[in-house]
Amino acid sequence: MFKKKTRRNNINQLEIVNRPKSVISEQFRTLRTNVLFTSSDVHMKKIIVTSSEPSEGKSTISANLAISFTQAGYKTILIDADMRKPTQHKVFEMMNVKGLSNLVAGQVQLVDAINKEVQPGLDFISAGPIPPNPAEILGSTAMTKLLEELETVYDIIVLDTPPVLAVADSQILGNMADGSLLVVNGRKTHRDKVIDAKAQLEKCTAKLLGVVLNDLNKKDDGEYYYYYGEKEKN
Ligand SMILES: Nc1ncnc2c1ncn2[C@@H]1O[C@H](COP(=O)(O)OP(=O)(O)O)[C@@H](O)[C@H]1O
Ligand SMILES: [Mg+2]
């Protein structure tokens, strides 16, 4: 008769900045270590963050992960490569007038598109105005060249991307990046979708680094919940 209430865990969008001592922030640091040291053969410079479906936490996790890299001394740039539903500029309270779309289209200069030091050690490129053809833009030679140029300046490039099952964008970027992370909403995402998304990512040249379980319910999910998304304790 009564619908079971689902309460989302209490995460701040810039958790690692605003609550550095929380359990969630600690989990971001663990994730950072895992990303950096999972692969001994490939140098993890360009990392895409994706999920099977929308709203699983890609943008939240990519922002916090990018900041965690800066906190370990890595010069990092976060790129909002989700030109379908860009939100990263809101996380950093920036405008989204000049960004990736018009940068790759050659309408703006790199120096004008980079937002410097949005957090200490972190630069940021927003998605830019929503273009009609995001996949084409991401798959262009100009995009490859942009990443090559950024690699000479930054230690780590984190790319926030659209859901892998919805559009080709993250697979395109998955063939330009070194590693990929699959964010899974532990409450709502169906197992089959995760399996499909994993299969799509495994087709890419980027190494699938792992799954980030987000927004799990402590009671329902037993031991896994603490991997990411636990309610703050500190
Ligand atoms: N673990 C979490 N607990 C509570 N809210 C979350 C959690 N992860 C993400 N959110 C919220 O859910 C919404 C969607 O997250 P977002 O990171 O934008 O997802 P995506 O980029 O995959 O679409 C945002 O409002 C975000 O603040
Ligand atoms: Mg997003």
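This one's a predicted model, so the numbers in the text were calculated from it and none came from an experiment.

Enquirer: Give a description of the overall build of the protein chain that names residues and reports values.
Expert: Helix and strand counts for the protein chain stand at 11 helices and seven strands. Sorting the 234 residues of the protein chain into buried and exposed places 53% on the buried side. Once local pairs closer than 6 in sequence are excluded, the contacts in the protein chain between residues at least 24 apart make up 77%. Entry remark: accessible area of the protein chain is about 11,400 Å², with carbon and sulfur atoms responsible for 52%.

Enquirer: Tell me about the nonpolar core, and name the residues and values.
Expert: The biggest cluster of nonpolar side chains holds 33 residues, and the ones touching the most others in it are I79, L100, I125, M143 and L150. If you list the elements that add at least two residues to this core, you get β2 (76-80), α5 (100-104), α6 (110-113), α7 (134-138), α8 (141-153), β5 (156-160), β6 (179-185) and α10 (191-202). Examining the composition of this core, we find that four residues originate from one element, α8, more than from any other. For M143, the residues in contact, after removing those within four places along its chain, are L100, V104, I137, L138, L159, L173 and M176.

Enquirer: Could you give an account of unusual backbone geometry, with specific residues and numbers?
Expert: Its identity is not glycine, yet E93 carries a phi of approximately 55°, on the positive side. Secondary-structure assignment places E93 in the loop between α4 (88-91) and α5. On the basis of relative accessible area, E93 is assigned to the exposed category, the value being 73%. A positive phi angle is found at E117, which is not glycine, with a value near 50°.

Enquirer: Give me the lowdown on the sheet that holds strand β1 (residues 46-51), citing residues and values where you can.
Expert: Strand-to-strand pairing in sheets goes through backbone hydrogen bonds, with the strands running parallel or antiparallel. Pairing in this open sheet of seven strands is mixed, and the strands run β3-β4-β2-β5-β1-β6-β7 from one edge to the other. In this open sheet, the two edge strands, each paired with only one partner strand, are β3 (115-119) and β7 (207-214). The mean angle between the axes of side-by-side strands here comes to 25°, regardless of whether they run parallel or antiparallel. Bridging between β1 and β6 involves five bridges; their strand directions are parallel. Along β6, the bridge assignment pairs T50 with L182. The strands that α10 touches are β1, β6 and β7; relative to β6, the one it contacts most, it runs at about 170°.

Enquirer: Go over the side chain of N64 with me, naming the residues and quoting the values.
Expert: For N64, the position within the fold is in helix α3 (residues 58-71). Overall, N64 belongs to the buried group, its relative accessible area being 0%. At 2.8 Å, the side chain of N64 and the backbone oxygen of Q13 are in polar contact. The residues contacting N64, other than those within four sequence positions of it, are N12, Q13, L14, E15, I16 and F28.

Enquirer: Outline the packing of helix α2 (residues 23-37) against α3, listing residues and values.
Expert: Relative to each other, α2 and α3 sit at 75°, their axes nearing to 9 Å. In terms of axis orientation, α2 runs roughly perpendicular to α3. From α2, F28, L31, R32, V35 and L36 reach across to α3, where they touch I61, N64, L65, S68, F69 and Q71. Broken down by class, the residue content of the contact of α2 with α3 amounts to seven nonpolar, three polar and one charged.

Enquirer: Tell me about the side chain of T70, and please be specific about residues and values.
Expert: For T70, the location among the structural elements is in helix α3. For T70, a relative accessible area of 12% puts it in the buried group. Polar side-chain contacts of T70 include one of 2.6 Å to the backbone oxygen of I67. Apart from residues lying up to four places away in sequence, T70 is in contact with T76, P120, G121 and L122.

Enquirer: Can you explain the confidence of the model for the protein chain? Please cite residues and give values.
Expert: For the protein chain, per-residue confidence averages 89 on the pLDDT scale, and 86% of positions sit at 70 or higher. Note on residues 1-9: pLDDT is under 50 here. Beyond four places in sequence and across chains, it has 12 contacts. Every residue in residues 219-234 is under pLDDT 50, and counting partners more than four places away or in other chains gives 46 contacts.

What counts, and where the lines are drawn
- By convention here, each chain's residues receive numbers from 1 onward along its written sequence.
- A letter from A marks each chain and a number from 1 marks each ligand, given out in the order of writing.
- Since the coordinates come from a predicted model, pLDDT governs what is reported: local features require at least 70, and pairs of side-chain atoms require 80 or more to be given and counted, while whole-chain, interface and lining totals use all residues.
- Only hydrogens and water are set aside when side-chain values are computed; all heavy atoms of the structure are taken into account.
- Secondary structure elements follow DSSP: runs of H or I no shorter than four residues count as helices, runs of E no shorter than two count as strands, and numbering proceeds from the N terminus.
- Summary of the burial criterion: residues with accessible area below 20% of their type's maximum are buried, those above 50% are exposed, and those between are partly exposed, where the area comes from a 1.4 Å probe applied to protein chains only.
- By the convention used here, residues are in contact when the closest approach between their heavy atoms is within 4.5 Å.
- Note on areas: these come from Shrake-Rupley sampling with a 1.4 Å probe, and a residue is covered only by the protein chains present in the view.
- Remark: nonpolar core denotes a set of buried residues (Ala, Val, Leu, Ile, Met, Phe, Trp, Tyr, Cys) joined through side-chain atoms within 4.5 Å.
- Here, strands pair whenever DSSP counts at least two bridges between them.
- What counts as an axis is a line fitted to C-alpha atoms, over the stretch in contact for a helix, and the angles between N-to-C directions run from 0 to 180 degrees.
- Polar contacts, as used here, are pairs of N or O atoms within 3.5 Å; protein pairs need one atom able to donate a hydrogen and one able to accept it. Residues neighboring in sequence count only if both atoms are side-chain atoms.
- To sort the angles, those under 35 degrees are grouped as roughly parallel, those over 145 as roughly antiparallel, those from 65 to 115 as roughly perpendicular, and the leftovers as oblique.
- Think of it as three bins: nonpolar holds Ala, Val, Leu, Ile, Met, Phe, Trp, Tyr, Cys and Pro, charged holds Asp, Glu, Lys and Arg, and polar takes everything else, Gly as well.
- Every residue carries a pLDDT, the predictor's confidence in it, which falls somewhere between 0 and 100.

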